[in-house]
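One letter stands for each residue in the lines below.
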Amino acid sequence: MIAYSIFMFAIAVLFLMFGIAIYKGNTKLIHDYHQTHVKESERQEYGRAFSKGMFTICVTVFISGIIALFGENGAIVSACLIVLFVGLIVAFVILAKVQKKYNGGFF
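Overview of the structure. (Residues numbered from 1 in each chain as written. Predicted model: local features only at pLDDT ≥ 70, side-chain atom pairs only at ≥ 80, totals over all residues. Heavy atoms only, no water.)

Observations regarding the overall build of the chain
Secondary structure summary: the chain contains three helices and zero strands in total. The helix and strand sequence of the chain, counted from the amino end, reads α-α-α. Taking the principal axes of its C-alpha atoms as reference, the chain extends roughly 50 × 20 × 15 Å. Split into buried and exposed, the 107 residues of the chain put 34% on the buried side. For the chain, the proportion of contacts with a sequence separation of at least 24, taken over those separated by at least 6, is 71%. (Helix = DSSP H or I, 4+ residues; strand = E, 2+ residues; numbered from the N terminus. Buried < 20%, exposed > 50% of the residue type's maximum accessible area, 1.4 Å probe, protein only. Contact = heavy atoms within 4.5 Å.)

See the structure below:
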């Protein structure tokens, strides 16, 4: 589970870096078709709202990696996966709400 934890920590750092960049206004990191209907005056707000989903993914992956450090028995593995999947679902709900609010939908 050490390899899993290291992998999760690396992914968490990656999502943290992208989240910070998007929060600061670099919405070019978000694919063009996800922001075709976002008004120019709302780009900063859109980036900040979108980054909340990115930060949620970062925290979720990080916590899953920490839990994995406690061992390899079935309960620990189950806890890792439950935290990971529940956190990702929450993050995708946040991202879906942001897309609906600022872009009118995903595409």
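On we go.
Concerning the environment of Thr-27
Inspection of the secondary structure assignment puts Thr-27 in the loop between α1 (2-23) and α2 (43-68). A relative accessible area of 8% means that Thr-27 is categorised as buried. Placed 17 residues apart in sequence, Thr-27 and Gln-44 show a C-alpha to C-alpha distance of 8.1 Å. Residue contacts for Thr-27: discarding those within four places in its chain leaves Gln-35, Arg-43, Tyr-46 and Gly-47.

Quick word on the packing of α2 against helix α3 (residues 74-103)
The interhelical angle for the contact between α2 and α3, taken along N-to-C directions, is 175°, at an axis separation of 8 Å. On the basis of the axis angle, α2 is roughly antiparallel to α3. Classifying every residue of the contact of α2 with α3 gives 20 nonpolar, six polar and two charged. (Axes fitted to C-alpha atoms, helices over the stretch in contact; angles between N-to-C directions. Parallel < 35°, antiparallel > 145°, perpendicular 65-115°, else oblique. Nonpolar A, V, L, I, M, F, W, Y, C, P; charged D, E, K, R; others polar.)

Concerning the side chain of Ser-51
Mapped onto the elements, Ser-51 comes out in helix α2. Other than its neighbours up to four places away in sequence, Ser-51 contacts Gly-19, Ile-22 and Tyr-23.

Side note on the nonpolar core
Residues Tyr-46, Phe-50, Val-61, Val-98 and Tyr-102 are the most contacted members of the largest nonpolar core, which totals 17 residues. Elements supplying a minimum of two residues to this core: α1, α2 and α3. At seven residues, the largest contribution of residues to this core is made by α2. In this view, Val-61 contacts Met-8, Ile-11, Ala-12 and Leu-84; residues no more than four positions away in its chain are not counted. (Core = buried A, V, L, I, M, F, W, Y, C linked by side-chain atoms within 4.5 Å.)

Looking at the pattern of salt bridges
Pairing between side chains of opposite charge can happen when their charged atoms approach one another. The tally for this structure, following the rule as stated, stands at one salt bridge. For Glu-40, the salt bridge identified is with Arg-43, shortest N-O distance 3.4 Å. Residue classification places Glu-40 among the exposed positions, given a relative accessible area of 62%. (Salt bridge = Lys/Arg side-chain N within 4 Å of Asp/Glu carboxyl O.)

Re the packing of aromatic side chains
Following the criterion strictly, the structure yields four aromatic pairs and no others. Ring centres of Tyr-23 and Phe-55 lie 6.5 Å apart, and the angle between their planes is 50°; this geometry places the pair in the tilted category. In this pair, Tyr-23 is assigned in helix α1 and Phe-55 in helix α2, connecting sequence segments 32 residues apart. When its relative accessible area of 25% is taken as the criterion, Phe-55 is described as partly exposed. Ring centres 5.8 Å apart and planes at 65° place the aromatic pair Tyr-46 and Tyr-102 in the edge-to-face group. Taken together, the positions of Tyr-46 in helix α2 and Tyr-102 in helix α3 put the pair 56 residues apart, joining distant regions of the chain. Its relative accessible area of 10% is what places Tyr-102 among the buried residues. One aromatic cluster in this structure is built from Tyr-46, Phe-50 and Tyr-102. (Phe/Tyr/Trp six-rings, centres within 6.5 Å; stacked < 30°, edge-to-face > 60°.)

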